[in-house]
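For reference, the chains in residue letters:
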Amino acid sequence: MNPPDGQPVASPSIASAALAKLLAAEPGLAADRDAVRIARAPGRVNLIGEHTDYNEGFVLPAAIDLGIAIAYVPTADRRVELSLAATGERATLDLDDIGGRRGTWLDYVAGTAWALSEAGQPLTGFRGALAADLPSGAGLSSSAALELVTAWALSGGAGPRLEPLALARVAQRGENAYVGVQSGLMDQFASACGVAGSALLLDCRTLEHRPVALPADLRLVVCHSGVTHRHDAGEYNLRRAECDRAVAALATLAGRPLSSLRDVDEALLRRHGAQLDPIERRRAEHVVGENGRVLETEAALRSGDRAALGRLFAGSHASMRDLFEITTPEIDALVEIATGVPGVVAARMTGGGFGGCTINLVMPDAVGRLRAAVERDYTARTGRTPRIWEVAAAAGAGPLLSPWSNPG
């Protein structure tokens with residue numbers, strides 16, 4: 001959900017002061033402050049529903065108040081010049097000659113530009129500076145946030161002509177076809193369509209979605225394992241291929257068409273699961289079970305059933321560990337530590353796996369206890385340093401006030 005009437009809003013998290021400092025050092029940007037626009041896109045945390053999106057299942061993500069912002073001045077020369085506030089690194093892109101993948105973060109910018117062009121959307125060059133308080137490699141969808149904020153910057157200041165869901169689908173195509181990561185729609189959807197104070201239940205087959213208000217007496221706490229999560233390392237695409245093979249095998253065994261694991265239920269798996277390759281059977285069992293857990297979690301959030309939330313998160317984590325095989329010893333340790341803290345209602349890995357973060361639903365008075373337990377026990381168990389954030393569900397991508405009008 002974008003700001004009403006396209007009006008810019010302030011962000012409590014994006015480092016607008018860092019953007020202002022960088023802009024001040026850029027003569028071409030600082031020359032006319034009235035021409036500067038700022039867009040931001042949030043990361044996301046997935047409450048439950050991992051690797052179900054590309055299987056046309058259900059997911060329950062929330063956009064969060066950590067994200068990526070670009071301060072930019074639209075130009076007429078069909079070039080993108082972008083500086084990173086954190087390092088000063090500069091990158092350029094010719095919108096008339098986007099070229100192939102470079103193997104850097106610029107691929108997500110280029111892929112978004114390519115996908116927008118393929119969709120017939122006009123592109124405008126810009127000079128910009130990028131700042132983030134969303135960590136890369138944490139499994140909080142920094143790639144989708146970069147794609148969505150790029151789409152806003154490429155719009156020339158007026159905002160994309162596409163509705164948020166349509167824009168998310170274009171950004172996903174850029175990630176799939178240009179960057180080469182065969183991700184589902186969830187990350188781009190959450191970053192584009194986020195609703196403050198709510199998670200979003202998305203049916204990845206029909207694209208029907210609805211907000212699910214988060215209980216006021218629970219806090220979202222994200223714990224980063226210190227293990228970098230990378231979709232482009234190959235394991236993510238491998239899991240998708242394994243799911244596709246499971247669908248093809250089950251369709252043959254059942255003697256009827258199956259378009260995805262969304263068409264598979266527990267009864268079908270009981271009849272034919274023993275005939276599947278063991279890896280494919282485990283992948284299918286995870287997805288079928290996870291779809292059910294997503295819908296049960298929505299019901300538990302609406303009713304305030306904390307015991308059910310704890311059980312569902314635990315079941316999801318065990319399934320990701322044992323059936324989909326995407327957790328790590330560090331992630332498992334974080335979940336074990338969290339579930340031993342009084343007042344932690346639920347804990348599980350979040351994101352695509354192979355590192356990244358856990359998501360914890362925590363009573364307000366237990367946030368400090370969780371932080372203390374992780375800081376005390378995690379490094380001793382794993383040798384790694386954790387990072388911990390209390391986050392809030394935030395609105396989707398859109399414009400921000402300039403750093404000069406909102407200096408804090």
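Residues numbered from 1 in each chain as written. Predicted model: local features only at pLDDT ≥ 70, side-chain atom pairs only at ≥ 80, totals over all residues. Heavy atoms only, no water.

## With respect to the overall build of the protein chain
- From N to C terminus, the protein chain includes 12 helices and 12 strands.
- Buried positions account for 57% of the 408 residues belonging to the protein chain.
- Intrachain contacts of the protein chain at a sequence separation of at least 6 include 74% that bridge at least 24 residues.
- When the accessible area of the protein chain is evaluated, it comes to approximately 15900 Å², of which 50% is carbon and sulfur surface. (Helix = DSSP H or I, 4+ residues; strand = E, 2+ residues; numbered from the N terminus. Buried < 20%, exposed > 50% of the residue type's maximum accessible area, 1.4 Å probe, protein only. Contact = heavy atoms within 4.5 Å. Areas by Shrake-Rupley, 256 points an atom, 1.4 Å probe, with all protein chains shown as cover.)

## Some thoughts on the nonpolar core
- Ranked by size, the top nonpolar core spans 122 residues in total, and within it L47, L60, L261 and L361 carry the most contacts.
- Of all the elements, strand 2 (residues 58–75) adds the most residues to this core, at 9 residues.
- Once you skip the residues sitting within four places of it in the chain, L47 turns out to touch L60, P61, A199, L214, L220, L301, F313, R348, I359 and L361.
- Ranked by size, the runner-up nonpolar core spans 6 residues in total, among them V36, I38, A71 and V73. (Core = buried A, V, L, I, M, F, W, Y, C linked by side-chain atoms within 4.5 Å.)

## Describing helix 9 (residues 278–303)
- Over its 26 residues, helix 9 extends 37 Å from the first C-alpha to the last, a length consistent with the 38 Å expected when each residue adds 1.5 Å.
- For helix 9, the N-terminal cap is D277; the gap from its side-chain oxygen to the backbone nitrogen of I279 is 2.9 Å. (Expected span 1.5 Å × (residues − 1). Polar contact = N/O pair within 3.5 Å; in protein donor to acceptor, adjacent residues only side chain to side chain.)

## Here we look at the confidence of the model for the protein chain
- Predicted confidence across the protein chain gives a mean pLDDT of 90, with 89% of residues reaching 70 or more.
- Between residues 9–13, whose pLDDT stays under 50, and residues either more than four places distant or in other chains, the model counts 11 contacts. (pLDDT = per-residue confidence, 0-100.)

## A short note on the packing of aromatic side chains
- Here the structure, examined in full by the defined rule, presents 3 aromatic pairs.
- Centroid distance Y54 to Y236: 5.7 Å. Interplanar angle 65°. Geometry classified as edge-to-face. Of the two residues, Y54 sits in the loop between strand 1 (37–48) and strand 2 while Y236 sits in helix 7 (residues 235–254), which places them 182 residues apart along the sequence. Per residue, the accessibility class of Y54 equals that of Y236, and both read buried.
- Over the aromatic face of F324 sits the side chain of R283, whose NZ or CZ is 5.7 Å from the ring centroid.
- One Lys or Arg, R348, reaches over the ring of F313 and ends 5.8 Å from the middle of that ring. (Phe/Tyr/Trp six-rings, centres within 6.5 Å; stacked < 30°, edge-to-face > 60°. Lys NZ or Arg CZ within 6 Å of the ring centre and 35° of its normal.)

## A closer look at helix 7
- Helix length check: helix 7 (20 residues) gives 28 Å between terminal C-alpha atoms against 28 Å at 1.5 Å per residue, within 8%.
- Of the residues making up helix 7, those classed as buried are Y236, R239, E242, C243, A246, V247, L250 and A251.
- At the exit of helix 7 stands G255, carrying a positive phi of roughly 70°.

## Notes on unusual backbone geometry
- Unusually for a residue other than glycine, E56 sits at a positive phi of about 60°.
- Note on placement: E56 falls in the loop between strand 1 and strand 2.
- Unusually for a residue other than glycine, S141 sits at a positive phi of about 70°.
- Mapped onto the secondary structure, S141 falls in the loop between strand 5 (125–132) and helix 4 (142–153).

## Side note on the sheet that holds strand 11 (residues 387–391)
- The strand order across the open sheet built from 4 strands is 9-10-8-11, with neighbouring strands paired in antiparallel fashion. What marks the edges here is a single partner per strand, and that holds for strand 9 (344–350) and strand 11. Averaged over all pairs of adjacent strands, the angle between strand axes in this sheet comes to 20°, irrespective of strand direction.
- Of the pairings in the sheet, the one linking strand 8 (residues 219–224) to strand 10 (residues 357–362) comprises 6 bridges and is antiparallel in character. When the sheet's bridge partners are listed, V221 is paired in strand 10 with N360.
- Seen against the sheet, helix 10 (residues 306–322) touches strand 9 and strand 10 and runs at an angle of roughly 25° to strand 9. (Pairing = 2+ DSSP bridges. Axes fitted to C-alpha atoms, helices over the stretch in contact; angles between N-to-C directions.)

## A closer look at the state of the cysteines
- Scanning the model with the defined rule gives 0 disulfides in all.
- As a non-bridged cysteine, C223 has C357 as the owner of its nearest cysteine sulfur, 8.0 Å distant. (Disulfide = S-S within 2.5 Å.)

## Concerning the pairing of strand 2
- In terms of burial, strand 2 is a largely internal element, 15 of the 18 residues being buried.
- Judged from the 10 bridges that link them, strand 1 and strand 2 form a sheet pairing that is antiparallel. From the neighbouring strand, N46 faces strand 2, where its bridge partner is P61.
- Where strand 2 lies against strand 6 (residues 198–203), 2 bridges are found, and the strand directions are antiparallel.

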